[in-house]
Amino acid sequence: MARSLDRILKDFRRLVTLSATWSIKHPIYSVPLRSPSVRSMAALTFPFFKPRDLALPNSSWGPEMMQLYEHYSSLCEQVTEGGEKKDGPWTRLPDYNRILKHAPGGVYLSKLIQSKARLFSRNIREPGAGFEYVLFINKEEQKCVLIMQAGHLLEGPPGHVHGGAIATMIDTVTGCLASLSGAVMTANLNINYRSPIPLGSTVVMESSIDKQEGRKTFISCKVTSPDGTKLHTEATALFVSISLSYLVLGR
């Protein structure tokens with residue numbers, strides 16, 4: 001037992017110090033794992049520790065949320081004239097209560113690195129009470145869509161969603177799109193609130209890349225009603241590429 005624990009700790013230290021060989025298995029980018037010990041560790045942990053995908057329908061989802069989910073899900077798969085199925089232009093992204101869980105062996109690593117930490121947008125366990133959302137991405141068109149149903153614990157103005165909760169989701173959808181090119185961090189988020197979002201309602205957040213300059217990625221986003229007739233929020237975001245060693249070691 002002691003030998004096994006010592007080996008696990010050695011693998012973990014190697015995972016941190018050799019950050020260039022680490023892959024955060026993010027839904028839309030990855031860096032190859034070169035360390036045999038880390039690959040072995042990932043292979044051992046995944047079959048036994050499978051994270052729960054929180055971006056799937058549950059009993060709290062309303063008709064509009066389900067309709068939009070089914071619409072974009074239908075764009076994730078196409079049927080050829082011969083009746084064969086192939087990948088469509090859009091992809092639904094899985095989502096967990098920690099970004100770390102996208103990494104190989106991430107569920108196990110979560111138990112070692114700040115084990116009580118939780119992704120802010122996924123820290124409310126009661127279905128429908130907080131952020132209910134799902135992300136779809138189109139890599140070719142460089143677009144990302146987030147469908148959100150706002151729960152009662154997100155209240156700001158009476159009966160409406162808090163502006164900070166809206167900003168959280170805008171940061172989520174734009175950051176997901178920006179990470180197409182690798183690891184990024186938010187440098188600037190500029191938001192214009194046009195119309196309040198009622199609690200319990202469903203909105204669509206559409207983001208697209210405007211331009212890229214070196215390490216900088218500029219993205220625009222709009223938040224609308226499901227039918228697109230009401231504009232709730234407009235935003236622009238700037239993301240800056242960073243190295244994985246910055247995420248792991250802080251430098």
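Worth saying up front: this structure is predicted, and the values here are computed from it rather than measured.

Draft legend 1. Local environment of the overall build of the protein. Within the protein, the secondary structure is distributed over 6 helices and 9 strands. By residue count, 43% of the 251 residues in the protein fall in the buried class. Contacts in the protein between residues at least 24 apart in sequence constitute 63% of all its contacts with a sequence separation of at least 6. Taken as a whole, the protein presents about 13,800 Å² of accessible surface, with 53% of it coming from carbon and sulfur.

Draft legend 2. View of helix α5 (residues 163–178). Here α5 is 16 residues long and its end C-alpha atoms lie 22 Å apart, about the 22 Å a rise of 1.5 Å per residue gives. Taking burial as the measure, the 16 residues of α5 include 12 buried ones, the bulk of the element. By the burial criterion, the buried members of α5 are Ala-165, Ile-166, Ala-167, Thr-168, Met-169, Ile-170, Val-173, Thr-174, Gly-175, Cys-176, Leu-177 and Ala-178.

Draft legend 3. How the structure looks around the confidence of the model for the protein. For the protein, mean pLDDT is 83; residues scoring 70 or higher make up 78% of the total. Throughout residues 14–48 the model reports pLDDT below 50, and contacts reaching past four residues in sequence, or to other chains, amount to 70 contacts.

Draft legend 4. Structural view of unusual backbone geometry. Although it is not a glycine, Gln-114 adopts a positive phi angle of roughly 45°. Along the chain, Gln-114 turns up in the loop between α4 (106–112) and β4 (131–138). At Gln-142, a residue that is not glycine, the phi angle is positive and equals roughly 55°. Tracing the sequence through the fold places Gln-142 in the loop between β4 and β5 (143–150).

Draft legend 5. Up close: the nonpolar core. Counting residues in hydrophobic clusters, the biggest one holds 32 residues, and the most contacted among them are Leu-146, Met-148, Ile-170 and Met-205. Of all the secondary structure elements, the ones that give two or more residues to this core are β4, β5, α5, β6 (184–193), β7 (202–213), β8 (216–224) and β9 (231–241). With 9 residues, the top contributor of residues to this core is α5. When near neighbours in sequence (up to four residues on either side) are disregarded, Met-205 contacts Cys-144, Val-145, Leu-146, Met-148, Ile-166, Met-169, Ile-170, Val-173, Cys-221, Lys-222 and Val-223. Within the second largest apolar cluster, 13 residues are counted, among which are Trp-61, Tyr-69, Val-134 and Val-145.

Draft legend 6. Representation of the packing of aromatic side chains within the structure. Within this structure, the stated rule accounts for 5 aromatic pairs. Each ring, one from Tyr-72 and one from Trp-90, has its centre 5.4 Å from the other, and the planes form 70°; the classification is edge-to-face. Linking Tyr-72 in helix α3 (residues 63–74) with Trp-90 in the loop between β2 (85–87) and β3 (91–93), this pair joins segments that are 18 residues apart in sequence. Per residue, the accessibility class of Tyr-72 equals that of Trp-90, and both read buried. Counting every residue linked through ring pairs, the aromatic cluster contains Trp-61, Tyr-69, Tyr-72, Trp-90 and Phe-136. A cation over an aromatic ring shows up here: Arg-122 above the ring of Tyr-133, its NZ or CZ 3.8 Å from the ring centre. Cation over ring: Lys-211 sits above Phe-218, and NZ or CZ is 4.9 Å from the ring centre.

About the cut-offs
Residues numbered from 1 in each chain as written. Predicted model: local features only at pLDDT ≥ 70, side-chain atom pairs only at ≥ 80, totals over all residues. Heavy atoms only, no water. Helix = DSSP H or I, 4+ residues; strand = E, 2+ residues; numbered from the N terminus. Buried < 20%, exposed > 50% of the residue type's maximum accessible area, 1.4 Å probe, protein only. Contact = heavy atoms within 4.5 Å. Areas by Shrake-Rupley, 256 points an atom, 1.4 Å probe, with all protein chains shown as cover. Expected span 1.5 Å × (residues − 1). pLDDT = per-residue confidence, 0-100. Core = buried A, V, L, I, M, F, W, Y, C linked by side-chain atoms within 4.5 Å. Phe/Tyr/Trp six-rings, centres within 6.5 Å; stacked < 30°, edge-to-face > 60°. Lys NZ or Arg CZ within 6 Å of the ring centre and 35° of its normal.

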